[in-house]
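# Structural description and commentary
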Amino acid sequence: GLELMAHGTFDVVVSDLNMPDMNGTEFLQEVRERYPLSARIFYSSCSDQHSILDCLPVIHQFLPKPCPVELLKATIQRAAMIRSLLPNPAMREKVSKMERVPSMPSLYLELVRQLQSMNTCIDDIAKTVSRDIGMTAQILKVVNSAFFGLPQPTSNVGDAINYLGIETVKYLVLAVGVFSQFESKKLGGISLETLWRHSSSTASAAQAIAKSERAGRQLVEDALAAGLLHDVGKVVLASNYPEQYEEVGRSAQAKQTEWLAEEREFFGFDHADVGGYLLGLWGLPPAVVEAVAFHHFPTKSERSSFTALTAVHVANVLAQTQRSSHGGMVPPQIDLLYLAKIGRVSALDTWRDQLNEAPAI
């Protein structure tokens, strides 16, 4: 496999665990270091779950063995198609190498304490995980893998943890180390607490908006998860380019422009591009990936009806415009052309009311 890759370009690599000369983990580690632009998919049976989970840091997605042909085709196709979300090869390489999204130290330590306690229940763990962007992304990555055999993708953190069970979550956190802490509470010019508060407000507002539309349970859960994860790209950029990202914030404040515009000026892409690519690479539900990738530019979506993207786009703007301070930066605007396309301009006032009434999650 490595010899083939040395003489050609491969978008996706699928590897078994047990091979004669080099096991799948070692092989994909080599792929990660030498050819990071290739999506890495693991293919194995469920006979040794811990061996599979040990591979998590170098794997983007898992597939069960044996694997239905249509599932294999669909997984490979999605992995190849998400390249269009982030055209910049250098940034794709950075994102592809990421083992985890850093978490807030206080929440990470709280989760460790809970997992070491004899009295912790699944609800306690789910509440802690759902309060952190990095933990939420990683848990949904694991449970949405085809390896775990869910009948359909889930974006509900509580359901995900309940499905995995406390012992599996404990193994992931304490043995595999799927979560990590930010070294500083403020990195790349962003405050994790401020980012969390905005993500939480956006998530609860997106959930309320979806409920006001009488959307089905899955759409409501997708809106909630995407609202929480919509700025995950900021965490990725801040952790990979701390000095440049701090300059983005200073420039946006000095010029009184939108943060997004300065990201595009500095990098040629923005946090929505990065977040959508990461979550797509990790195999999260397509509706969540779309909402994160297009939450600033919803007209990029080909859909012409209310979706989780609609709820997150509106919730993000309303959550920012109703803040008392924007630090000298211009908040984003609602895309009225998009709302006209899906026939929901008249619902905007109702959604504003929903934001005022939505409790923090």
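Structure first, text after, so check above.
The paragraphs below set out a description of the structure included in this document. (Residues numbered from 1 in each chain as written. Predicted model: local features only at pLDDT ≥ 70, side-chain atom pairs only at ≥ 80, totals over all residues. Heavy atoms only, no water.)

For the rest of this paragraph, the subject is the overall build of the protein. Of the regular secondary structure elements, the protein holds 20 helices and five strands. For the protein, whose C-alpha radius of gyration is 20 Å, the value lies close to the compact-globule estimate of 21 Å for 361 residues. Summarising its shape, the C-alpha atoms of the protein cover approximately 60 × 50 × 40 Å along the three principal directions. Counting all 361 residues of the protein, 54% fall into the buried class. Restricting the contact set of the protein to residue pairs at least 6 apart, pairs at least 24 apart contribute 69%. By element, 50% of the accessible surface of the protein is carried by carbon and sulfur atoms, the whole surface being about 15,900 Å². If you average the places of the 32 positive and of the 39 negative side-chain charges in the protein, the two averages end up 2 Å apart. (Helix = DSSP H or I, 4+ residues; strand = E, 2+ residues; numbered from the N terminus. Rg over C-alpha atoms; globule rule 2.2 N^0.38 Å. Buried < 20%, exposed > 50% of the residue type's maximum accessible area, 1.4 Å probe, protein only. Contact = heavy atoms within 4.5 Å. Areas by Shrake-Rupley, 256 points an atom, 1.4 Å probe, with all protein chains shown as cover. Lys, Arg positive; Asp, Glu negative; His and termini not counted. Charge placed at Lys NZ, Arg CZ, Asp CG, Glu CD.)

Relative to the elements of secondary structure, D132 occurs in the loop between α7 (122–129) and α8 (133–143). For the buried D132, no salt bridge is present, and the opposite-charge side chain at shortest range is R131, 8.6 Å distant. There is a polar contact of 2.8 Å between the side chain of D132 and the side chain of S103. At 2.9 Å, the side chain of D132 and the backbone nitrogen of M135 are in polar contact. Ignoring anything within four residues of it in the chain, the contact list for D132 reads S103, M104, L107 and W196. (Salt bridge = Lys/Arg side-chain N within 4 Å of Asp/Glu carboxyl O. Polar contact = N/O pair within 3.5 Å; in protein donor to acceptor, adjacent residues only side chain to side chain.)

Attention now goes to the pattern of salt bridges. In total, this model carries 21 salt bridges according to the counting rule given. K65 is the salt-bridge partner of D16, the closest N and O atoms lying 2.6 Å from each other. Of the two residues, D16 is situated in strand β1 (residues 12–16) and K65 in the loop between β3 (61–64) and α4 (69–81); the sequence distance between them amounts to 49 residues. By relative accessible area, which is 38% here, K65 ends up partly exposed. Salt bridges linked by common partners bring R32, E33, K97, E99 and R100 together as one network.

Note: most residues except glycine have negative phi, and most peptide bonds are trans. In this structure, the amide linkage connecting K65 to the following residue, P66, adopts the cis form with an omega of 5°. Take P66: it is sitting in the loop between β3 and α4. Even without being glycine, R214 reaches a positive phi, approximately 55°. On the secondary structure map, R214 appears in the loop between α11 (192–212) and α12 (217–229). On the accessibility criterion, R214 (77% relative accessible area) is exposed. Phi is positive for Q256, which is not a glycine, with a value near 55°. With respect to the secondary-structure elements, Q256 resides in the loop between α14 (242–255) and α15 (259–267). Q256 gets classed as exposed once you look at its relative accessible area, which sits at 56%.

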